[in-house]
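# Observations on chain architecture
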There are 4 protein chains.
Amino acid sequence: MSDSIKRVVLAYSGGLDTSVILKWLQVTYGCEVVTFTADLGQGEELEPARAKAELMGIKPEHIYIDDLREEFVRDFVFPMMRANARYEGDYLLGTSIARPLISKRLVEIAKETGADAVAHGATGKGNDQVRFELSAYALNPDIKVIAPWREWDLASRTALIDFAEKNQIPVPKDKRGESPFSTDANLLHTSSEGKVLEDPWEETPDYVYSRTVNPEDAPDTPEYIIIDFERGDGVALNGQAMSPATLLAALNDLGRKHGIGRLDLVENRFVGMKSRGMYETPGGEIYARAHRGIESITLDRGAAHLKDELMPKYAELIYNGFWFAPEREMLQAAIDHSQANVTGTVRLKLYKGNASVVGRKSPLSLYSERHVTFEDDAGAYDQKDAAGFIKLNALRLKLLAKQGQ
Amino acid sequence: MSDSIKRVVLAYSGGLDTSVILKWLQVTYGCEVVTFTADLGQGEELEPARAKAELMGIKPEHIYIDDLREEFVRDFVFPMMRANARYEGDYLLGTSIARPLISKRLVEIAKETGADAVAHGATGKGNDQVRFELSAYALNPDIKVIAPWREWDLASRTALIDFAEKNQIPVPKDKRGESPFSTDANLLHTSSEGKVLEDPWEETPDYVYSRTVNPEDAPDTPEYIIIDFERGDGVALNGQAMSPATLLAALNDLGRKHGIGRLDLVENRFVGMKSRGMYETPGGEIYARAHRGIESITLDRGAAHLKDELMPKYAELIYNGFWFAPEREMLQAAIDHSQANVTGTVRLKLYKGNASVVGRKSPLSLYSERHVTFEDDAGAYDQKDAAGFIKLNALRLKLLAKQGQ
Amino acid sequence: MSDSIKRVVLAYSGGLDTSVILKWLQVTYGCEVVTFTADLGQGEELEPARAKAELMGIKPEHIYIDDLREEFVRDFVFPMMRANARYEGDYLLGTSIARPLISKRLVEIAKETGADAVAHGATGKGNDQVRFELSAYALNPDIKVIAPWREWDLASRTALIDFAEKNQIPVPKDKRGESPFSTDANLLHTSSEGKVLEDPWEETPDYVYSRTVNPEDAPDTPEYIIIDFERGDGVALNGQAMSPATLLAALNDLGRKHGIGRLDLVENRFVGMKSRGMYETPGGEIYARAHRGIESITLDRGAAHLKDELMPKYAELIYNGFWFAPEREMLQAAIDHSQANVTGTVRLKLYKGNASVVGRKSPLSLYSERHVTFEDDAGAYDQKDAAGFIKLNALRLKLLAKQGQ
Amino acid sequence: MSDSIKRVVLAYSGGLDTSVILKWLQVTYGCEVVTFTADLGQGEELEPARAKAELMGIKPEHIYIDDLREEFVRDFVFPMMRANARYEGDYLLGTSIARPLISKRLVEIAKETGADAVAHGATGKGNDQVRFELSAYALNPDIKVIAPWREWDLASRTALIDFAEKNQIPVPKDKRGESPFSTDANLLHTSSEGKVLEDPWEETPDYVYSRTVNPEDAPDTPEYIIIDFERGDGVALNGQAMSPATLLAALNDLGRKHGIGRLDLVENRFVGMKSRGMYETPGGEIYARAHRGIESITLDRGAAHLKDELMPKYAELIYNGFWFAPEREMLQAAIDHSQANVTGTVRLKLYKGNASVVGRKSPLSLYSERHVTFEDDAGAYDQKDAAGFIKLNALRLKLLAKQGQ
């Protein structure tokens, strides 16, 4: 805390924790605070944050409340989906992909307001601190970052609430006790972790889920939907054109209804430990499967396999917070190049937790019934070519089998 | 056909097609035929193949009928599962992984019987011809391979049946018409392709499925199961020790009942075209998820991420028929090295097409509740370390952001 | 030869072999031939090819002689150099990179002249046939390709010369005997293989080299040169701005003089066998080292390491003939993205086979003397940050070391 | 420094810096010090370190002086060379590969002597601190590591010498002034960095080199040598069997004489900055080229290309200090698997900085003159096979070219 800070932009939700942070920044750094509250589709009202911020002395022109939903889906979620990114085989990166956008706005607002620092409410054990800070430094190498959870001595819930009460911060009744788990939400997903989830042998209790119905309670009748893609991105649902955020929201409704996108995972954090999380990504799971479906008929094998080989690294970069790193941008350039012809229509069946691709078609399809048919193919393919193909592929193996003979 | 062949070992199912091939080999090459019929768990009786072969003049000592189920699962399926292999993101390689074992036996029997050639019934359009032949050449570089479908002029079903009738090969009534699709089955999966599946926009008709109930007809109550792993391989189900093939068979029963493991896919063949297939891998799908589950708590991050990066290439090698290639063996050496501590227990919930990991535990768990806890961790982890960690990870990004300033 | 060909564009050097091919095409296919002779910097006069073609009855408007040197270096060599591509660790791909350009022109000329086929003089054992044909098919899927060496029965040198004499093709005296090796040359390199080089234990005889002096005969005094790069491409030598082809030619002169860029290699051909080649890439070797030199101070670590990981696959694609495949283009998109700031100046010392980078500077340098200095760095870098950095990088290894304790 | 330390094992060279550290540990931690001095072939006498340690009060049984040369080359250098590892394309990792061995002995000695900590003399800006500490933690997760350079306040050379004088540590006259650069040496290489090397545009002054003659001063006559390999490791020089360390030492003599293995590099440190180093790896450079040479005729293409793809990651792991991480061990398992048949003989020509492979032979050679020959190959290879090979490799490209037509 040796550096003197004049003005800091805080990622502010309006909740108890970030309100405590706001006050703590004022008290500890004696600096002016700018609040930034983002609508990323987390499903909470944001205007109450304004009143709270004003109450804590923030100047009206220093209270930023932004609707970032379209930017979030268009510039972050969709590009990531083009890569079929899943961390450790399964996780759709719902939290990871939101952090760089928040940092981007923090740094922009710092510039607009002449602030010299930004602050966030992530703890010192998690990945989010890394994601916030790497993004901030990449966008402004001179910015200072304050991470109160790594600095202060409010080590327990009680200490936090004491601080709140001492500083006239209203403590909602339901925040007095400890929450049985911690959550993060945005238009792509809700994650839950901690407390009741900390024993990875114990099944996730049903009350932890908030974004999806239990598949057992989902409709007994399947529902079929159709998604249109253009150049790698979803553009319409059931024939109706939609913006990125609108499409994802509509898919979320469908996924919720059919119990799709629940994931119980033990994952490896960048900071070196394993953690157990529960993710609900209803629309994202449907979208991800649909995207693979349209790629399956429009993407060349060489491109598809290269994408599959690059994906784990790409997903790891996003998970670890390197969205604004040049190697992520290089991979994105390669991936985006591949999507030029990923255009067409996918049909999916939604049923009790399953989102299955059942049909795909495209004016740019590479699938050639003429070549693949068991019937007479009218010379499209000469089976005798396969003999030479196999012979030359086998040559090195034959020479190897003779090695040393 | 310039090479003169004295004796050929034929992969013989006893069905119409391979019976025609048997006769065609006798007629065309004037050579002695040895038949090899393998039990890979395809669920058909094999003894009828003996009688048919005898009827076509094969000497009793030249009729091989082998039960390869344990070898198949132990030495092919399980090693592949250690890699979490899925081709093009989804396909569990059920057909691909069986071919090298069949070729291995063909080559062994050729040696035992002094045969100079082997023959198979795969067509010139598919991957199986490649898999059979690359494996055969890798194991015996001097072996000759006969692929009748690439050589003969029996271009239509009618021609085939004519040939059969002209040569006193009994044609079962249900084989007179054309099958509406083509299948391959073994203990790991059943695949279907062709005909009614050739339009990738049309949903797979229900009558194509043979190994799983429709999820809609599966039980309304979830079933929980427990699988034990030792050093990367499954060893017990619900506390009962089982051999590899027994375990996979038991999981197949469970998967069938709960409608698990159906996959409708457009994939890229090694010979250059796209094809649409339908796969049912009931036990394999459960096993694959369980294996990832036990890895999630016992495998180090560095090892896990390296495995994820290597997997697409590993899966492609198996799909393309390079099981016996040195690069597959190198990858296997790396993968097997990683499995030394992949020991423990996974709990899964099976319900209407879903196989979800809900719990995992291990005496060798790397998950440290002490480190990850939101509670006081008694100094296990010093949050201040994260500041330095982030600073040094950010350094190159900061220097980059200043580049050219 | 069942397809009837009306007009074919032949890659024609004017030499004996392609003259025989020209005639053979006329005789065998009874088709009209269009000749295409490219100046890729091979250092031979091209106009004699015109007279020869005319003599063999080619219409003047069907004789194409193009100077492709600038296109070759600008659109093929330089993009490849941006990737630091070396096949199997060493080979700078001088032949591989020229083939797609020749195919591109063959296909363009086929379109201009209404030809339905193209033809080349590569044998059935080598990589060049693959490179020519994959490129041609990728650019025009309906084009027919004629590869006389795979079709005709001119199995020996004698047969070839007989055919020439019978068809009034002049046979130069020095072509009567067999050449002791075979060569290919362009602005990037000269390759030699075959005959006297076929025993990989025997040292390459000195008379095989044509583009470089023996290092032992090179000047006893080193020469220093300076190359400027802009956005990843060389733009000036010793302060003098040069076009791509001019720059490469000037570096070739320097490399020749100092005996730089000789490579004696046993490599793996795409068709499955090993072959031994001798390459001389005088200017290319200097350029490649200079490019790595400028990258070393201007390219971020993440970008540089990603490039290094992608390079072997990229080089393999070019070697195997997949220049016009989408996966090569995807990799190129990633690589090109990385080169935006690869601008600056490299100083090299040339001396008896060595081309050593001895200095590099850039207005966009990422090298920070302030950070790296052993002296007081005025707070640029806080050594205490390293403690946290190491602690968190070690955490997973510590947990692993405690596994099972 | 909150932890109380009872006994610490110090990596002790006997020089001024580590003598100051020894005393500083005694003074600051009030703990007993065990010294460990390793002979890694750095070419300095080690016995003087014993007397110095005794003078500073170290018990005789707590003074360890070990000759680790054979272990170093056999278990660290050679395994790394099997991978053809070069960091950032060039650096042979001479410093990186020595650190894990030193840490291994530090941890072993700590166990033997009941010490609870280890200490090293690496600064907080470099990679070595990371390498020492990651290795130590991986081998003993409970060990404490003391890195005085990150802790103390001896910020300048003057402060260090003051501390030495105040504590009766003899300061050699030539250490009073500042060294113009800093070095590290072992049997594999000598590295130099800092001070006079800090401007990457300035050529390295000749006085920095200590392990190689200037190529300009090397013999005017080339020297030919022969190295034998068995299963991937060098076993003999010019027909004379040698142990690993003896072989490397002999190659060092040859490399020194011919000016081989100088490298001037700007590299990316793991801690985030670029640094400029000068490396001399005379024997290592010769050995590395010879190893590639023997691989070129004995290693299958699939294995070789997989090795090339894995190498950058493998080299990065060693550079970053992850020798004892499971992912390095996995890669090593794959690499070692590939070396089973890497047996044979390589001939090299050494001349003024160049070490060129000019011949290679092996009883296990995969090079088949019969297949590759331009002459009649007696049917070893059927050129017509290439047509089918190309057709099927082209099929996807053709379908792609027709996409959307």
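Calculation notes
Residues numbered from 1 in each chain as written. Chains lettered and ligands numbered in written order. Predicted model: local features only at pLDDT ≥ 70, side-chain atom pairs only at ≥ 80, totals over all residues. Heavy atoms only, no water. UniProt positions renumbered as here; feature names shortened; annotations may be inferred. Helix = DSSP H or I, 4+ residues; strand = E, 2+ residues; numbered from the N terminus. Contact = heavy atoms within 4.5 Å. Areas by Shrake-Rupley, 256 points an atom, 1.4 Å probe, with all protein chains shown as cover. Lys, Arg positive; Asp, Glu negative; His and termini not counted. Charge placed at Lys NZ, Arg CZ, Asp CG, Glu CD. Buried < 20%, exposed > 50% of the residue type's maximum accessible area, 1.4 Å probe, protein only. Pairing = 2+ DSSP bridges. Arc of directions from axis to C-beta. Axes fitted to C-alpha atoms, helices over the stretch in contact; angles between N-to-C directions. Buried area = accessible area lost by both parts, 1.4 Å probe. Salt bridge = Lys/Arg side-chain N within 4 Å of Asp/Glu carboxyl O. Nonpolar A, V, L, I, M, F, W, Y, C, P; charged D, E, K, R; others polar. Core = buried A, V, L, I, M, F, W, Y, C linked by side-chain atoms within 4.5 Å. Least-squares fit on C-alpha atoms with pLDDT ≥ 70 in both. Phe/Tyr/Trp six-rings, centres within 6.5 Å; stacked < 30°, edge-to-face > 60°. Lys NZ or Arg CZ within 6 Å of the ring centre and 35° of its normal.

Chain A goes by Argininosuccinate synthase in an unreviewed UniProt entry, where it is assigned to Sphingopyxis italica. Taken directly from UniProt, the Subunit (unreviewed entry) text for chain A runs: "Homotetramer." We quote the UniProt Pathway (unreviewed entry) comment for chain A here in full: "Amino-acid biosynthesis; L-arginine biosynthesis; L-arginine from L-ornithine and carbamoyl phosphate: step 2/3."

## Considerations on the overall build of chain A
Scanning chain A from terminus to terminus reveals 13 helices and 14 strands. Its C-alpha atoms put chain A at 85 × 55 × 45 Å along the principal axes. Sequence separation of at least 24 residues holds for 73% of the intrachain contacts in chain A that already meet a minimum separation of 6. Carbon together with sulfur atoms contributes 47% to the accessible area of chain A, which is approximately 14,100 Å² in total. For chain A, the separation between the mean place of its 49 positive charges and that of its 61 negative charges on side chains is 3 Å.

## Remarks on the pairing of strand β11 (residues 262-268) of chain C
Residue and element names in this part refer to chain C. Summarising burial for β11: six of the seven residues are buried, a large majority. Where β11 meets strand β12 (residues 274-280), seven bridges bridge the pair, whose relative direction is antiparallel. Paired with Asn268 across the strands is Lys274, a residue of β12. The hairpin formed by β11 and β12 contains five residues between the paired strands, and Gly272 there has a positive phi angle of roughly 110°.

## A closer look at helix α7 (residues 157-166) of chain B
All names here are of chain B. Looking only at α7, the buried set comprises Leu160, Ile161, Phe163 and Ala164. The buried residues of α7 occupy one face: seen down the axis, they fall within an arc of 155°. Turned more than 90 degrees off the buried face of α7, the exposed positions are Thr158 and Lys166. In the segment just after α7, Gln168 is the residue with positive phi, at about 60°.

## What to know about the sheet that holds strand β13 (residues 344-351) of chain B
Consider a sheet: its strands pair through backbone hydrogen bonds, and that pairing is either parallel or antiparallel. Residue and element names in this part refer to chain B. The five strands lie next to each other as β10-β9-β8-β13-β14, forming an open sheet whose pairing is antiparallel. The outermost strands of the open sheet, each flanked by one partner alone, are β10 (240-241) and β14 (354-361). Two elements, β13 and β14, share seven bridges in a ladder whose sense is antiparallel. In the sheet register, Leu350 faces β14, and the bridge partner there is Ala355. Contacting β8 (223-230), β9 (233-237), β13 and β14, helix α9 (residues 282-298) runs over the sheet at an angle of about 30° to β14.

## Regarding the interface of chain C and chain D
Where interface size is quoted, it is often the accessible area lost as the parts come together. Chain C puts 102 residues into the contact, and the matching count from chain D is 102 residues. When chain C packs against chain D, the two sides together hide about 9,200 Å² of surface, and 56% of this comes from carbon and sulfur. Across the pair C:Glu216 and D:Lys349 runs a salt bridge whose closest N-O atoms are separated by 2.8 Å. Residue contributions to the side of chain C that touches chain D peak at 12 residues, all from helix α13 (residues 385-401) of chain C. Each residue belonging to the side of chain C that touches chain D can be placed in one class, and the counts come to 42 nonpolar, 20 polar and 40 charged.

## Topic: the environment of A:Glu112
Along the chain, the position of A:Glu112 falls in helix α4 (residues 99-113). Spatially, the C-alpha atoms of A:Glu112 and A:Gly302 are 46 Å apart, while their sequence positions differ by 190 residues.

## Let's talk about the nonpolar core
Membership of the largest hydrophobic core comes to 412 residues, with the highest contact counts inside it found for A:Phe72, B:Phe72, C:Phe72 and D:Phe72. Beyond its immediate sequence surroundings of up to four residues, A:Phe72 is in contact with A:Leu40, A:Val77, A:Ile97, A:Ala98, A:Leu101, A:Asn186, A:Leu187 and A:Leu188.

## Examining the UniProt feature "binding site: L-citrulline" (unreviewed entry) in chain A
Residue and element names in this part refer to chain A. UniProt's feature table lists "binding site: L-citrulline" (unreviewed entry) at Tyr91, Ser96, Asn127, Arg131, Ser182, Ser191, Glu267 and Tyr279, given in the numbering used throughout. Along the chain, Tyr91 falls in the loop between α3 (69-82) and α4. With residues up to four places along the chain from it excluded, the contact list for Tyr91 reads Ala85, Arg86, Ser96, His189, Leu263, Leu265, Tyr279 and Tyr319. Mapped onto the secondary structure, Ser182 falls in strand β6 (residues 182-185).

## Topic: the relation of the copies chain C and chain D
With an RMSD of 0.0 Å, the fit of chain C onto chain D corresponds to turning through 180° and sliding 0.0 Å along the axis. Taken together, the turn and the small shift mark the pair as related by a two-fold rotation axis. Residue C:Glu309, judged by its C-alpha, is the member of chain C lying nearest the rotation axis, at 3.1 Å. When the interface residues of chain C are mapped onto chain D, 98% of them again lie at the interface, so the same face is used by both copies.

## Observations regarding the relation of the copies chain B and chain A
The second copy of the chain is related to the first by a rotation about an axis and a shift along the axis. When chain B is fitted onto chain A, the two copies agree to an RMSD of 0.0 Å after a turn of 180° and an axial shift of 0.0 Å. Both copies contact each other with a shared surface, as 98% of the interface residues of chain B are interface residues in chain A too.

## A look at the pattern of salt bridges
Enumeration according to the criterion identifies 132 salt bridges over all chains in this entry. Two residues, A:Asp39 and A:Arg69, come together in a salt bridge whose shortest N-O distance is 3.6 Å. Here A:Arg69 lies in helix α3 and A:Asp39 lies in strand β2 (residues 32-39), a separation of 30 residues in the sequence. Given the relative accessible area of 15%, A:Asp39 is considered buried. Linking A:Asp300 and D:Arg396 is a salt bridge whose minimum nitrogen-to-oxygen distance equals 2.6 Å. Of the two residues, A:Asp300 is situated in the loop between α9 (282-298) and α10 (301-320) and D:Arg396 in helix α13 (residues 385-401); the pairing between them involves two chains. Note on accessibility: A:Asp300 and D:Arg396 belong to one class, buried. When salt bridges with common partners are traced through the structure, they connect A:Asp66, A:Glu71, A:Lys104, A:Arg105, A:Glu108 and A:Glu112 into a single cluster.

## Some words on the packing of aromatic side chains
Counted under the stated rule, the structure contains 50 aromatic pairs over all chains. An angle of 20° between the planes, with centres 4.0 Å apart, marks the rings of A:Tyr91 and A:Tyr279 as stacked. Pair noted here: A:Tyr91 is in the loop between α3 and α4 and A:Tyr279 is in strand β12 (residues 274-280), with a separation of 188 residues, a long-range link. Among the residues examined, A:Tyr91 registers a relative accessible area of 2% and is labelled buried. The class for A:Tyr279 is buried, based on a relative accessible area of 5%. Look at B:Phe78 and B:Tyr287: their rings are 4.7 Å apart centre to centre, the planes differ by 15°, and that puts the pair in the stacked class. Of this pair, B:Phe78 sits in helix α3 (residues 69-82) while B:Tyr287 is found in helix α9, placing the two residues 209 residues apart along the sequence. Judged on exposure class, the residue B:Phe78 and its partner B:Tyr287 are both buried. Taken together, A:Phe270, A:Phe322, B:Phe389, C:Phe389, D:Phe270 and D:Phe322 form an aromatic cluster joined through their ring pairs. When the ring centre of A:Tyr319 is taken as reference, the NZ or CZ atom of A:Arg131 above it lies at 4.8 Å. In this arrangement the basic side chain of B:Arg328 is found over the ring face of B:Trp323, its NZ or CZ atom lying 3.5 Å from the centre.

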